[in-house]
Amino acid sequence: GESVGLHLPTLSVQEGDNSIINCAYSNSASDYFIWYKQESGKGPQFIIDIRSNMDKRQGQRVTVLLNKTVKHLSLQIAATQPGDSAVYFCAENRGSYKLIFGSGTRLLVRP
Amino acid sequence: DAGVIQSPRHEVTEMGQEVTLRCKPISGHDYLFWYRQTMMRGLELLIYFNNNVPIDDSGMPEDRFSAKMPNASFSTLKIQPSEPRDSAVYFCASSLAVNTEAFFGQGTRLTVV
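Within any chain, residue numbers begin from 1 and follow the written order of that chain's sequence. Here every chain gets a letter starting at A, and every ligand a number starting at 1, in the order they are written. A pLDDT threshold of at least 70 governs which residues receive local features in this predicted model, and a stricter bar of 80 or more applies before side-chain atom pairs are shown or counted, although totals over entire chains, interfaces and linings include all residues. Calculated side-chain values reflect all of the structure's heavy atoms, with hydrogen atoms and water omitted.

Trainee: Now, about the interface of chain B and chain A: what can you tell me, with residues and values included?
Mentor: In this analysis, two residues are considered to be in contact whenever any of their non-hydrogen atoms come within 4.5 Å of each other. Contact with chain B, which involves 25 residues of that partner, is made by 25 residues of chain A. Approximately 1,900 Å² of surface area, both sides summed, lies buried where chain B meets chain A, with 54% of it carried by carbon and sulfur atoms. We count a salt bridge whenever a side-chain nitrogen from Lys or Arg sits within 4 Å of a carboxyl oxygen from Asp or Glu. Across the contact surface, chain B and chain A share zero salt bridges. Polar contacts, as used here, are pairs of N or O atoms within 3.5 Å; protein pairs need one atom able to donate a hydrogen and one able to accept it. Residues neighboring in sequence count only if both atoms are side-chain atoms. The tally of links from chain B across to chain A stands at six residue pairs in polar contact (both at pLDDT 80 or more). Numbering of helices and strands runs from the N terminus; a helix is a DSSP stretch of H or I covering at least four residues, while a strand is a stretch of E covering at least two. Where the side of chain B that touches chain A is concerned, the elements lending two or more residues are β4 (31-38), β5 (42-50), β9 (88-95) and β10 (102-104) of chain B. Here the quantity called buried area is the accessible surface, traced with a 1.4 Å probe, that two parts lose on coming together, added over both.

Set out below in structure tokens:
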């Protein structure tokens, strides 16, 4: 029979616009979160991280927001570029540094 | 530093054969992770080590899978006997300490026919 794979949600944005990628996590005890970018044929690449004692952290063109009340994480990319096209994963530390990944979001940047 | 190094990059083997995947973490990193990535299940944590000691292997699919870390600079993931459903990309990652970024290798694409 036909196999069913993960259906990755896809976000399509115009080059130059801002992108917001969302992630819901399940474990209220998770205390550390990371966003990764994965391009085709490559391993996940670190983008930015945040600890649970913070609700916002900024990097170069990226911002991560953490809402512990609703267990929600978001990644904002400013002035999205074609090179930002990739699959983005959030990961959470579920204790003793057990890093668990979400299912991912595909970002497509339209020229 | 060259980053996390995995070998081989690609492996094609016949069902029933033993497969060994290798990983060299970044020097000085205390944590090492093995992940498996498939279209069906995404990125799954198989096992991780702290200072060469396995901490959590609850993600290892079954007894056919085993992982070792004989020293701080080398780890192996072995599948014996391999099955077609083991076909996936296997990633190794390492990190310096708790709650610091984990660096990934380029992965080993395993195909079992």
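Right, picking up where we left off after that structure.
Trainee: Can you tell me about the pattern of salt bridges, naming the residues and giving the values?
Mentor: Residue and element names in this part refer to chain B. Summed over all chains, the structure comprises 11 salt bridges over all chains. E62 is paired through a salt bridge with R85; the nearest N and O atoms lie 3.2 Å apart. With E62 in the loop between β6 (53-56) and β7 (65-71) and R85 in the loop between β8 (74-79) and β9, this pair connects stretches of sequence that are 23 residues apart. The buried label goes to any residue with under 20% of its type's maximum accessible area, the exposed label to any with over 50%, and the partly exposed label to all in between, with areas taken from a 1.4 Å probe on protein chains only. Classification of E62 as partly exposed rests on a relative accessible area of 27%. The exposure class assigned to R85 is exposed, which follows from its relative accessible area of 55%. For R85, the salt bridge is made with E83, and the minimal N-O distance between the two is 2.6 Å. Owing to a relative accessible area of 24%, E83 belongs among the partly exposed residues under this scheme.

Trainee: I'd like a description of the nonpolar core, backed by residues and values.
Mentor: Residue and element names in this part refer to chain B. Of all hydrophobic cores here, the largest spans 21 residues; its most connected members are W34, L77 and Y90. Counting only elements with at least two residues in this core, the list comes to β3 (19-24), β4, β5, β7, β8, β9 and β11 (108-112). Leaving out residues up to four positions away in the same chain, Y90 has contacts with Q6, L21, Y35, R36, L46, F65, L77, I79, G107, T108 and L110. The definition of a nonpolar core used throughout is a set of buried Ala, Val, Leu, Ile, Met, Phe, Trp, Tyr and Cys residues joined through side-chain atoms within 4.5 Å.

Trainee: Which residues make up the sheet that holds strand β6 (residues 62-67) of chain A, and what values do they have?
Mentor: Residue and element names in this part refer to chain A. The four strands lie next to each other as β2-β7-β6-β5, forming an open sheet whose pairing is antiparallel. One side of each edge strand has no neighbouring strand; the edge strands of this open sheet are β2 (19-24) and β5 (56-58). On average, each strand axis in the sheet is inclined to that of its neighbour by 15 degrees, with strand direction left out of account. Pairs of strands are assigned from DSSP output, requiring at least two bridges between the strands. Axis angles are defined between N-to-C directions and span 0 to 180 degrees, where every axis is a line fitted to C-alpha atoms and, for a helix, only to the segment in contact.

Trainee: Mind laying out the state of the cysteines, listing which residues take part and the relevant values?
Mentor: Residues and elements named next belong to chain A. Disulfides are defined as cysteine sulfur pairs within 2.5 Å. Within the structure shown, the criterion is met by two disulfides over all chains. The partner cysteine of C23 in its disulfide is C90, sulfur to sulfur 1.6 Å. Taken together, the positions of C23 in strand β2 and C90 in strand β8 (residues 86-93) put the pair 67 residues apart, joining distant regions of the chain. A single burial state applies to C23 and to C90, both of which are buried.

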